[in-house]
Amino acid sequence: MISPEPKKTWHVDILVADGFVLTEVAGIVDAMRIANRVAAFPPFSWTYRSAFAGPVDSSSEVCVKAEAFAPKPHADYAFVIGNADPDCPALSVGTQIDRYTFRGAQVFLLAEAASRYIKERGTEGTRMSTHWENSDILRERSSLFDADNAIATEDGLVVTCAGMGATVDVMLAVLRRHISSANLMTVANILLHEKIRDFSTRQPLGGARSSGSGDRELDQCLQIMQANIEDPVPISELVNVLNISSRSLERKFRTHLNTTPNTYYRELRLARANNLLLNTNMSVREVGLACGFPSGFSGLYKGFFGITPFALRKQRRQQATKGTNLGKSDAR
């Protein structure tokens, strides 16, 4: 009697740093866990890895136990998880990426990890993906970066990804290669993921869609606002483009968003300003100009956030310095 050929187990290394995004880890691990449950032979295994072996805390205060980076990794796939800070030194893992790709493993870089890779290795004219928030930061830091608002962009063995909720889509694309279509659909159904998006799908807030209200004019208005942060479109022009009255647009905003068009647009631009303020070295005036506030930005910012942009930036930098010093003290 001929023994059946053993089923292959596909191994995934998950590279994490302190402050990693739990949503992204869950999107990867839960998809594999469910695939293992519904398949006759569990097809996946995984290992958490970090620069130093031991517990690693997420930004949500959930901890995973990681093994040290492998000098000669034998994984089929590697996922590098973001940690809400594209400048974090721990995300600079170019050597590890090379070790995986050298052995034929495909590497997925999520959100901030993708941004770090783009910053260090991206070239002019190259299309890569990261979370739309990080794209904004990279665009302000370097006019050479042309973000692709797809949820993922594949370039051989390196895939740059938006991360966050889109991690499930990326993971389902990986599962599709190794499990049956029926099992893949079962995994998606268990995750309550009603539509499996391919890599080319636009990020929901990346310019293609801005709302799912079901109101065509409102969704179009929100999309125009999202695409015109630096040079805001006057509400009077918006209603002309939408071919509706100002009163009708006000009613739509009140019904679906419980706010006014002007207030929503201002808060949208202030949220973008806050992101640039805390994640770039742009001057406060430059941040204001980049978000459509040629004058009065500091006063408007304080009225909304309750603190001046200068004070908030100083406060956050002091907190970051304090956290770094505490980490060094703990290491000793």
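Scroll up to find the structure.
Note that this is a predicted model, so its numbers are computed, not measured.

Undergrad: What is the right way to read the nonpolar core from this model?
TA: Nonpolar side chains tend to gather and get buried jointly when the protein is soluble and globular. By size, the foremost hydrophobic cluster in this structure holds 36 residues, and its most contacted members are Ile14, Val16, Phe79, Ile81, Phe108 and Leu175. Among the nonpolar cores identified, the runner-up in size contains 31 residues, and Cys221, Leu249, Ala273 and Phe293 belong to it.

Undergrad: Whenever I open this one, the pairing of strand E8 (residues 158-161) confuses me. Can you help?
TA: In regular strands, side chains alternate between the two faces of the sheet. Side-chain alternation along E8 places Val158 and Thr160 on one buried face and Val159 and Cys161 on a second face that is also buried. For strand E6 (residues 106-110) and E8, the ladder comprises 4 bridges, and the chain directions are parallel. Following the sheet pairing, Val107 is matched in E8 by Val158. Where strand E7 (residues 152-155) meets E8, 4 bridges bridge the pair, whose relative direction is antiparallel. By the bridge assignment for E8, Thr153 is matched with Thr160.

Undergrad: Teacher, can you tell me more about unusual backbone geometry here?
TA: Negative phi characterises most residues that are not glycine, and trans characterises most peptide bonds. Its identity is not glycine, yet Met164 carries a phi of approximately 50°, on the positive side. Counting through the fold element by element, Met164 comes out in the loop between E8 and helix H5 (167-176). We classify Met164 as partly exposed; its relative accessible area is 34%. A positive phi angle is found at Leu192, which is not glycine, with a value near 55°. With respect to the secondary-structure elements, Leu192 resides in the loop between helix H6 (181-190) and helix H7 (216-227).

Undergrad: Would you mind showing me how to read the side chain of Thr153 here?
TA: Structurally, the position occupied by Thr153 is in strand E7. On the basis of relative accessible area, Thr153 is assigned to the buried category, the value being 12%. A distance of 2.5 Å separates the side chain of Thr153 from the side chain of Ser129, its partner in a polar contact.

Undergrad: I would appreciate a short explanation of the packing of H7 against helix H8 (residues 235-242) in the present structure.
TA: Between two packed helices, both the angle of their axes relative to each other and the distance between the axes serve to describe the pair. Axis separation between H7 and H8 bottoms out at 10 Å; the angle between their running directions is 135°. Relative to H8, the element H7 lies oblique. Crossing hand, H7 versus H8: right-handed. The residues of H8 that touch H7, namely those facing Glu217, Gln220, Cys221, Ile224 and Met225, are Ile235, Leu238, Val241 and Leu242.

Undergrad: Where do I start with the packing of aromatic side chains in this structure?
TA: What describes a pair of aromatic rings is the distance from one ring centre to the other and the angle between the planes of the rings. The final tally for this structure, using the stated rule, is 7 aromatic pairs. Both rings, one in Phe304 and one in Phe305, keep their centres 4.7 Å apart while their planes meet at 90°; by these two values the pair is edge-to-face. You can call Phe304 partly exposed: its relative accessible area is 39%. Classification of Phe305 by relative accessible area gives partly exposed; the value is 32%. Among the aromatic side chains, those forming a connected cluster through ring pairs are Phe293, Phe297, Tyr301, Phe304 and Phe305. Above the plane of the ring of Trp10 lies Lys8, whose end atom (NZ or CZ) is 4.6 Å from the centre. Sitting over the face of the ring of Tyr265, Arg269 holds its NZ or CZ atom 5.6 Å from the ring centroid.

The rules behind these values
Residues numbered from 1 in each chain as written. Predicted model: local features only at pLDDT ≥ 70, side-chain atom pairs only at ≥ 80, totals over all residues. Heavy atoms only, no water. Core = buried A, V, L, I, M, F, W, Y, C linked by side-chain atoms within 4.5 Å. Buried < 20%, exposed > 50% of the residue type's maximum accessible area, 1.4 Å probe, protein only. Helix = DSSP H or I, 4+ residues; strand = E, 2+ residues; numbered from the N terminus. Pairing = 2+ DSSP bridges. Polar contact = N/O pair within 3.5 Å; in protein donor to acceptor, adjacent residues only side chain to side chain. Axes fitted to C-alpha atoms, helices over the stretch in contact; angles between N-to-C directions. Parallel < 35°, antiparallel > 145°, perpendicular 65-115°, else oblique. Left-handed = near helix turned anticlockwise from the far one by under 90°. Contact = heavy atoms within 4.5 Å. Phe/Tyr/Trp six-rings, centres within 6.5 Å; stacked < 30°, edge-to-face > 60°. Lys NZ or Arg CZ within 6 Å of the ring centre and 35° of its normal.

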